[in-house]
Amino acid sequence: MDEYNRFVDWDKMDVTVQSQDAKELSCTEFQELKQLARQGYWAKNHSLRAKVYHKLISNIPCRTVTPDANVYRDIVVKIVGKRNSSSLPLPEFVDNSLVPTYCLNAEGIGAVRKIILCIANQFPDISFCPALPSVIALLLHYSKDEAECFEQVCRILACNDPSKRLIDQTFLAFESSCMTFGDLVNKYCQAAHKLMVAVSEDVLEVYSDWQRWLFGELPMVYIARVFDVFLVEGYKVLYRVALALLKFFHKVRAGQPMESDSIQQDIRAFVRDIAKSVSPERLLEKAFAIRLFSRKEIQLLQMANEKALQQKGITVKQKSNPKLVLLNYCFSMFCILFLRQNVHLAVHAENFKSEIVSVKEMRDIWSWIPERFALCQPLLLFTTLEHGCSLSRFYSHSEGHEPTLLLIKTTAKEVCGAYLSTDWSERRRGGNKLSFFGTGECFVFRLQPEVERYEWVIIKHPELATTGSEPENHAPPASSTLSSSSGPSDPSDRLSPFLSARHFNLPSKTASMFMAGSSECIIIGGGDGQALYLDADLNHGRTSHCNTFNNQPLCSESFQISVLEVWGFRD
């Protein structure tokens, strides 16, 4: 075979990679590389893939001092000694992760543990990196020796480009990525999310498995194709593929009884056996079919979730004292276990009372909101039954709280509402004019007569951004939200108006328009063509419904309000 066959068991390897003629890769332009990676250009030739991996990893910007192959040769004997490689203990930061064997031979399987221990020696700042065993095992298939594999993994870990995130190396980064994945599932895989909520007591625990699906359960031919694109495009590819896996799981298993007592185990089994239902090409096709999935959106979500975790006591700075490291790790574990309370604990049956929704309905709403706020408990801020039907009192009780939840019950027994991400005090920025504000996390929903959640229209249907399909003339053209943003024309780099611009010191022209308020009315802009309008007396309201989407309206076109409540979020 070729020079990259030392650790490969060719009886397990895909036979097609042995028979393809060798190719050359001469392109260096990012867009062309991205296209070739997605097409699997180097996937059918083992030697070419090894050379491409070496080239791509060599181009990763790294710290000035990054361990190389010579370092490995110097330290491996001192660290491993004469011990049997199969019995070598793994460092704690891999969190008892699976050590995939993929298509490695016996020498390769033993080499994985040796390399992990040497990396632990050279990277004392790594505190949590469960993906590491899989990355090492994969790269060993395309390495001439252990030292070369060690050097390539070190370059991935030592990447110092702030815009190029590769592998999570701290507990905070890993846990915030799980919360971010949960947010993205909630937004882009609503059918699958409903299933998770229905069958699991702890949705975040299910989503915390997302990296294991990729770096542990996914078969060799699939993870190699994912890794091809990952080395070119970065971390966002992992989210895309994990979302695609969840979509396929829901499609294949919808309506079928669970095969085990745990949805986690069922998803893991599905991913392990994915070849029975989905090809690698179809998986990637599905992953890249997800619309408006920008790198900047992921970064903003990640920042917000990391901040929420830090406020709960999670730190990223490791101490040098081993006892303090252990104490810090244990405290972090405790905090995460506390944070992973399920929705049943967040909405206490004995402490919750609403004249509009039941405890179960409130829990359903809580399963829709962003992960960082789903950990909070509902706090009643305003109700027309107690505070009267005054818009000024509505504002005075709601201001200072972010986010808030609006619930409305009509005289016709319809129940609808909205999750509002921004403080109502923002309305004053426009003076006496009706000013729009808010973020892409806002959404409207209906609970009675049927449960339905409506996404923001531009996020779900970006083509409408240029059609001027807003429901009323009160709203500014939807296109102003996106088209005014300057920057790269590549859709993957376009800023999706997902989080509040002011939270991240972004230019005001990238802010989005979802809520509006004045002394005369409230407007909440519309997911899936839905928009909600409330008059100043809080007795009457109306909705606007775009028929483009063939869905049911939020509620009656014109309605009388029986009860209106505003809820805040309490830690």
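Residues numbered from 1 in each chain as written. Predicted model: local features only at pLDDT ≥ 70, side-chain atom pairs only at ≥ 80, totals over all residues. Heavy atoms only, no water.

- The name an unreviewed UniProt entry gives the chain is TBC1 domain family member 24, with Charadrius vociferus as the organism.
- In the Subunit (unreviewed entry) part of its UniProt record, the chain is described as follows: "Interacts with ARF6."
- Quoted straight from UniProt, the Function (unreviewed entry) entry for the chain says "May act as a GTPase-activating protein for Rab family protein(s). Involved in neuronal projections development, probably through a negative modulation of ARF6 function. Involved in the regulation of synaptic vesicle trafficking." (UniProt positions renumbered as here; feature names shortened; annotations may be inferred.)

Remarks on the nonpolar core
Inference 1: Ranked by internal contacts, the top residues of the largest apolar core, which has 114 residues, are Trp42, Ile119, Ile136, Ile156, Trp210 and Leu214.
Inference 2: With 11 residues, the single largest contributor to this core is helix H13 (residues 236-253).
Inference 3: Here this core spans two domains, since at least three of its residues come from each of domain 1 (1-18 + 37-169) and domain 2 (170-311).
Inference 4: Leave out the neighbours within four places in its chain, and Ile119 touches Ile126, Leu132, Ile136, Phe150, Val153, Cys154 and Leu157.
Inference 5: Counting 28 residues, the second largest nonpolar core, distinct from the first, contains Phe437, Val444, Ile522 and Leu538. (Core = buried A, V, L, I, M, F, W, Y, C linked by side-chain atoms within 4.5 Å. Buried < 20%, exposed > 50% of the residue type's maximum accessible area, 1.4 Å probe, protein only. Helix = DSSP H or I, 4+ residues; strand = E, 2+ residues; numbered from the N terminus. Domains from an automatic or database assignment. Contact = heavy atoms within 4.5 Å.)

A few points about helix H4 (residues 69-80)
Inference 1: Helix length check: H4 (12 residues) gives 16 Å between terminal C-alpha atoms against 16 Å at 1.5 Å per residue, within 8%.
Inference 2: For H4, every residue scored as buried is listed here: Ala69, Tyr72, Ile75, Val76 and Val80. Looking down the long axis of H4, one finds its buried residues gathered within 125 degrees of arc, a one-sided arrangement. Of the exposed residues in H4, the ones pointing more than 90 degrees away from its buried face are Asp74, Val77 and Lys78. (Expected span 1.5 Å × (residues − 1). Arc of directions from axis to C-beta.)

Here we look at the layout of surface pockets
Inference 1: Within this model, the largest pocket holds a volume of roughly 1,000 Å³.
Inference 2: At the level of elements, helix H2 (30-39), helix H3 (46-58), helix H7 (146-157), helix H8 (171-188), helix H12 (220-233) and helix H16 (295-311) are the ones that each hand at least two residues to the lining of the largest pocket.
Inference 3: Ranked by residues supplied to the lining of the largest pocket, first place goes to H16 with 6 residues.
Inference 4: Within the lining of the largest pocket, the residues separate by chemical class into 20 nonpolar, 9 polar and 11 charged.
Inference 5: Both of domain 1 (1-18 + 37-169) and domain 2 (170-311) provide at least three residues apiece to the lining of the largest pocket. (1 Å grid on protein atoms, 1.4 Å probe; cavity = no way out; pocket = protein on both sides within 12 Å on 5 of 7 lines; lining within 4 Å. Points joined across faces, edges and corners; volume = space filled by probe spheres on them. Nonpolar A, V, L, I, M, F, W, Y, C, P; charged D, E, K, R; others polar.)

Remarks on the packing of aromatic side chains
Inference 1: Considering all chains together, one arrives at 26 aromatic pairs under this definition.
Inference 2: Ring geometry for Tyr53 against Phe227: centres 5.7 Å apart, planes inclined by 70 degrees, an arrangement best described as edge-to-face. Of the two residues, Tyr53 is situated in helix H3 and Phe227 in helix H12; the sequence distance between them amounts to 174 residues. As far as the burial class goes, Tyr53 and Phe227 line up, both buried.
Inference 3: Summarising the aromatic geometry, the rings of Phe181 and Trp210 are spaced 5.4 Å apart at their centres and angled 15 degrees between planes, so their arrangement reads as stacked. Taken together, the residues Phe181 in helix H8 and Trp210 in helix H11 (residues 210-217) connect sequence positions 29 residues apart.
Inference 4: On the basis of relative accessible area, Trp210 is assigned to the buried category, the value being 0%.
Inference 5: Aromatic rings pair up to connect Trp366, Trp368, Phe373, Tyr419, Phe443, Phe445 and Phe569 into one cluster.
Inference 6: One cation-aromatic arrangement involves Arg38 over Phe288; the distance from NZ or CZ to the ring centre is 3.7 Å. (Phe/Tyr/Trp six-rings, centres within 6.5 Å; stacked < 30°, edge-to-face > 60°. Lys NZ or Arg CZ within 6 Å of the ring centre and 35° of its normal.)

What about the side chain of Arg427?
Inference 1: Following the sequence through the fold, Arg427 ends up in the loop between strand E3 (415-420) and strand E4 (435-437).
Inference 2: Excluding residues within four positions of it along the chain, Arg427 makes contact with Tyr395, Glu399, Ser435, Phe437 and Gly517.

Examining unusual backbone geometry
Inference 1: Across the junction of Glu402 and Pro403, the peptide omega takes the value 0 degrees, indicating a cis bond.
Inference 2: Mapped onto the secondary structure, Pro403 falls in the loop between helix H22 (391-398) and strand E2 (404-410).
Inference 3: Residue Gln448 is joined to Pro449 through a cis peptide bond whose omega torsion reads 10 degrees.
Inference 4: For Pro449, the location among the structural elements is in the loop between strand E5 (443-448) and strand E6 (452-454).
Inference 5: For Tyr102, which is not glycine, the phi dihedral falls at a positive 45 degrees.
Inference 6: Notably, Lys413 is not glycine yet its phi reads approximately 70 degrees, a positive angle.
Inference 7: Its location among the elements puts Lys413 in the loop between E2 and E3.

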